[in-house]
Amino acid sequence: MTITILPYRATLEQACDWLEANTGTPWTLARLIEHEVTPYVWLDYDANYPELFGDANGGYAAPIFYEGDTARLAAGSEDVLITITKDAYKIVARLPEPGFRRQLHELRFQKKDLEKLVKLLERASQPQPEPKAAAESTAGIYKEQALAAFAPLVKMNLDTALTGGGGIFGDDGARIKASTKKAKSKIVWNPVVLALGLHDVYRVPLRGLSRAFAAHEFLNPWRDEWERSLRLLGH
């Protein structure tokens, strides 16, 4: 329940108070940055930098997003130093050395960003449903997906190996047996069996294979099975 009124552009104090009221935990500038909430400062029009302001002759709210600038704030800086921001047209712009300095009390946080953060935190706190296990008889990944996930990790022609590699990646080449009765374009592979075969036969590092499972959304249903396989291997 909202206890305090949140303005369109909140000060650091207003943002932290509102978040504490809505999450039940204290907030600081460092924690806001940790949760990727973008701070802004208002830049009054300066004729010395016409390309930065364009038609915004009254000034505009400039975001602070560059890692070096936000890290400085998170570390407890006594003021704001902006070296990279976006211009009035939202195009990334590097500011003249040494950058623009502003006071901490000039920081502002957008209402929509703070409200979005609260929703994300509420969603994360809810019990997560158990992931549905892939049905072994039919579920798998298509060859194009297998190539996207694993081909960059091997030196051989994975496309050729998948097409004719019975016995290399398991008894049926890691293919889901039920799918082999369909058209070639409908054949699917078990990505865990495939990945283990790439490790056993071609010495593809498990670390690289794990990164592949983490990087591709279509491998989500098999991540738990992959993690179980790693534990059985002692990793």
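Okay, so let's go over this structure. (Residues numbered from 1 in each chain as written. Predicted model: local features only at pLDDT ≥ 70, side-chain atom pairs only at ≥ 80, totals over all residues. Heavy atoms only, no water.)

What about helix α4 (residues 67-74)?
Next, step 1: Along α4, the residues that are buried comprise D69, T70 and L73. Around the axis of α4, the buried residues are gathered within 90° of arc, so they sit on the same side.
Next, step 2: Those residues of α4 that are buried are in contact with α2 (29-34), β2 (39-43), β4 (79-82) and β5 (84-86).
Next, step 3: In the stretch just after α4, G76 is the one whose phi turns positive, near 100°. (Buried < 20%, exposed > 50% of the residue type's maximum accessible area, 1.4 Å probe, protein only. Helix = DSSP H or I, 4+ residues; strand = E, 2+ residues; numbered from the N terminus. Arc of directions from axis to C-beta. Contact = heavy atoms within 4.5 Å.)

Thoughts on the nonpolar core
Next, step 1: If you look at the biggest cluster of nonpolar residues, it comprises 30 residues, and the most contacted ones within it are L19, L32, L43, L52, F109 and L114.
Next, step 2: For this core, the secondary-structure elements that each account for two or more residues are α1 (12-23), α2, β2, α3 (50-53), β3 (60-63), β4 and α5 (111-125).
Next, step 3: At 4 residues, the largest contribution of residues to this core is made by α1.
Next, step 4: Ignoring sequence-local partners within four residues, the contact set of L114 consists of L6, A10, A15, W18, L19, L32, V37 and F109.
Next, step 5: In this structure, I141, L158, A195 and W222 belong to the second largest nonpolar core, which totals 23 residues. (Core = buried A, V, L, I, M, F, W, Y, C linked by side-chain atoms within 4.5 Å.)

Regarding the pattern of salt bridges
Next, step 1: Scanning the entire structure with this criterion turns up 3 salt bridges.
Next, step 2: With a closest N to O distance of 3.0 Å, D79 and R101 form a salt bridge. Of the two residues, D79 is situated in strand β4 and R101 in strand β7 (residues 100-103); the sequence distance between them amounts to 22 residues.
Next, step 3: For D79, a relative accessible area of 17% puts it in the buried group. (Salt bridge = Lys/Arg side-chain N within 4 Å of Asp/Glu carboxyl O.)

Some words on unusual backbone geometry
Next, step 1: Here E97 and P98 are connected by a cis peptide whose omega angle stands at 0°.
Next, step 2: Phi is positive for R203, which is not a glycine, with a value near 55°.
Next, step 3: Along the chain, R203 falls in the loop between α8 (191-202) and α9 (206-215).
Next, step 4: Looking at R203, the relative accessible area reads 61%, which means it is exposed.

With respect to the packing of α8 against helix α10 (residues 223-232)
Next, step 1: As a packed pair, α8 and α10 sit with axes 9 Å apart at the nearest point and diverge in direction by 35°. When the axes of α8 and α10 are compared, the crossing they make is right-handed. Of α10, the residues touching α8 (which contributes V192, A195 and L196) are E225, W226 and S229.
Next, step 2: Residue composition of the contact of α8 with α10, grouped by class: 4 nonpolar, 1 polar and 1 charged. (Axes fitted to C-alpha atoms, helices over the stretch in contact; angles between N-to-C directions. Left-handed = near helix turned anticlockwise from the far one by under 90°. Nonpolar A, V, L, I, M, F, W, Y, C, P; charged D, E, K, R; others polar.)

Some remarks on the sheet that holds strand β8 (residues 108-110)
Backbone hydrogen bonds are what pair the strands of a sheet, in a parallel or an antiparallel way.
Next, step 1: With antiparallel pairing, 4 strands are arranged side by side in an open sheet as β1-β8-β2-β3. The sheet is open, and its two edges are formed by β1 (9-10) and β3, each paired on a single side.
Next, step 2: In this structure, β2 lies alongside β8, joined through 2 bridges in antiparallel fashion. When the bridges of β8 are listed, Y40 appears paired with R108. (Pairing = 2+ DSSP bridges.)

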